[in-house]
Amino acid sequence: DAGVIQSPRHEVTEMGQEVTLRCKPISGHDYLFWYRQTMMRGLELLIYFNNNVPIDDSGMPEDRFSAKMPNASFSTLKIQPSEPRDSAVYFCASSLSISGANVLTFGAGSRLTVL
Amino acid sequence: AQSVTQPDIHITVSEGASLELRCNYSYGATPYLFWYVQSPGQGLQLLLKYFSGDTLVQGIKGFEAEFKRSQSSFNLRKPSVHWSDAAEYFCAVGSNTGGFKTIFGAGTRLFVKA
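Residues numbered from 1 in each chain as written. Chains lettered and ligands numbered in written order. Predicted model: local features only at pLDDT ≥ 70, side-chain atom pairs only at ≥ 80, totals over all residues. Heavy atoms only, no water.

K.L.:
Quick question: what am I supposed to make of the overall build of chain B here?
P.N.:
For chain B, the helix and strand inventory stands at zero helices and 12 strands. With the C-alpha coordinates of chain B rotated into their principal frame, the extents come out at 45 × 30 × 20 Å. Residue burial in chain B is summarised as follows: out of 114 residues, 45% are buried. When the accessible surface of chain B is totalled, it reaches about 5500 Å², and 49% of it is carbon and sulfur. Of the side-chain charges in chain B, 10 are positive and 8 negative, and the distance between the mean point of each set is 5 Å. (Helix = DSSP H or I, 4+ residues; strand = E, 2+ residues; numbered from the N terminus. Buried < 20%, exposed > 50% of the residue type's maximum accessible area, 1.4 Å probe, protein only. Areas by Shrake-Rupley, 256 points an atom, 1.4 Å probe, with all protein chains shown as cover. Lys, Arg positive; Asp, Glu negative; His and termini not counted. Charge placed at Lys NZ, Arg CZ, Asp CG, Glu CD.)

Here it is, written out as structure tokens:
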């Protein structure tokens, strides 16, 4: 398996622009998580899905952030409009509930810089 | 609410020396506990996990961790560190009740000197 695939790996954009981050989980995994990593706040859970349904989005910082999972093999995290304080590395992770839904396989991350 | 504390922001050890990274957690029930490692520019990789049973768990790359309920700790150990172990290490706590949130500690950066 190719693992969890994220794109883009790097994104530089200007304040106010829309940003879309993409994630392809491991085939067969039924949970998908979006995390954000910054020096100041560490790893924060933003939202997670089970069988494509959002279960907990309490970590989404504000309405500018939205996430979707239209099917089992694809998820997006969108920021509109983006702000400099959104600069961070965004990780997608997936897991399989029968093996332990907390056993996460992470993607390599998308590094976002908002100027 | 779950929480994880890693008291050491960074640690430096000599190659070949032993290593112990500290982790304390707060959780109302029996937690699921994890250690992940992150190399620069990479995602996190699972080193080991504790769900139940034997409190001493073995992981990949020669790492082990011991769950001590009385101390709410899950410290990571390695008897002999290699230069390739230099990375950031994250302790995490999760559960299978009320959702599958996994909460991560702030991380400990390990430096290995020759």
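Still more to cover.
K.L.:
What am I meant to see in the overall build of chain A here?
P.N.:
Check the secondary structure of chain A and you find one helix and 11 strands. Starting at the N terminus and walking to the C terminus, you meet the elements of chain A as β-β-β-β-β-β-β-β-β-α-β-β. For 115 residues, the compact-globule estimate of 2.2 N^0.38 gives 13 Å, and chain A sits close to it at 13 Å. Dimensions of chain A, computed from the C-alpha atoms along their principal axes, are close to 40 × 25 × 25 Å. Considering chain A as a whole, with its 115 residues, one finds that 51% of them fall into the buried category. Here the contacts in chain A between residues at least 6 apart in sequence split such that 54% fall between residues at least 24 apart. Just so you have it, chain A exposes about 5500 Å², and 51% of that area is on carbon and sulfur atoms. Charge centroids of chain A, computed over 10 positive and 12 negative side chains, lie 4 Å from each other. (Rg over C-alpha atoms; globule rule 2.2 N^0.38 Å. Contact = heavy atoms within 4.5 Å.)

K.L.:
So what exactly am I meant to see when it comes to the pattern of salt bridges here?
P.N.:
Oppositely charged side chains can pair when the atoms bearing their charge come close. Taken as a whole and judged by the stated rule, the model has 13 salt bridges over all chains. Between Arg77(B) and Glu64(B) there is a salt bridge whose closest N-O contact spans 3.3 Å. Within this pair, whereas Arg77(B) is found in strand S9 (residues 73-78), its partner Glu64(B) is found in strand S8 (residues 64-68), the two being separated by 13 residues in sequence. What emerges from the salt-bridge pattern is a single network uniting Glu62(A), Arg64(A), Glu83(A), Arg85(A) and Asp86(A). (Salt bridge = Lys/Arg side-chain N within 4 Å of Asp/Glu carboxyl O.)

K.L.:
Looking at this structure, how should I read the packing of aromatic side chains?
P.N.:
Within a pair of aromatic rings, the relevant descriptors are the distance that separates the centres and the angle that separates the planes. Scanning all chains against the criterion turns up 16 aromatic pairs over all chains. Among the aromatic side chains, those forming a connected cluster through ring pairs are Tyr35(A), Phe91(A), Phe106(A), Tyr32(B), Phe34(B), Tyr36(B), Phe51(B) and Phe104(B). The positively charged end of Lys49(B) is found above the aromatic ring belonging to Phe51(B), 6.0 Å away from the centroid. (Phe/Tyr/Trp six-rings, centres within 6.5 Å; stacked < 30°, edge-to-face > 60°. Lys NZ or Arg CZ within 6 Å of the ring centre and 35° of its normal.)

K.L.:
What's the story with unusual backbone geometry in this structure? I'm lost.
P.N.:
In terms of backbone geometry, most residues other than glycine have negative phi values and most peptide bonds are trans. Across the junction of Ser7(A) and Pro8(A), the peptide omega takes the value -10°, indicating a cis bond. Residue position: Pro8(A) is located in the loop between strand S1 (5-7) and strand S2 (10-13). At the junction of Gln80(A) and Pro81(A), the peptide bond is cis and its omega measures out at -5° in the coordinates. Examined against the element boundaries, Pro81(A) turns out to sit in the loop between strand S8 (74-79) and strand S9 (88-95). For Lys61(B), which is not glycine, the phi dihedral falls at a positive 60°. Residue placement: Lys61(B) occurs in the loop between strand S7 (56-58) and S8. Here Ser72(B), not a glycine, exhibits a phi torsion of approximately 50°, which is positive. With respect to the secondary-structure elements, Ser72(B) resides in the loop between S8 and S9.

K.L.:
Is there a simple way to explain the sheet that holds S8(A) in this structure?
P.N.:
Strands in a sheet are paired, the pairing made by backbone hydrogen bonds, and the direction either parallel or antiparallel. Residue and element names in this part refer to chain A. Across the sheet, four strands lie side by side as S1-S3-S8-S7; this open sheet has antiparallel pairing. Only two strands of the sheet have a single neighbouring strand rather than two, namely S1 and strand S7 (65-71). Strand-to-strand twist of the sheet, defined as the mean angle between neighbouring strand axes without regard to direction, takes the value 15°. In this sheet, strand S3 (residues 19-24) lies alongside S1 in antiparallel orientation, the contact comprising three bridges. Paired with Gln-6 across the strands is Cys-23, a residue of S3. (Pairing = 2+ DSSP bridges. Axes fitted to C-alpha atoms, helices over the stretch in contact; angles between N-to-C directions.)

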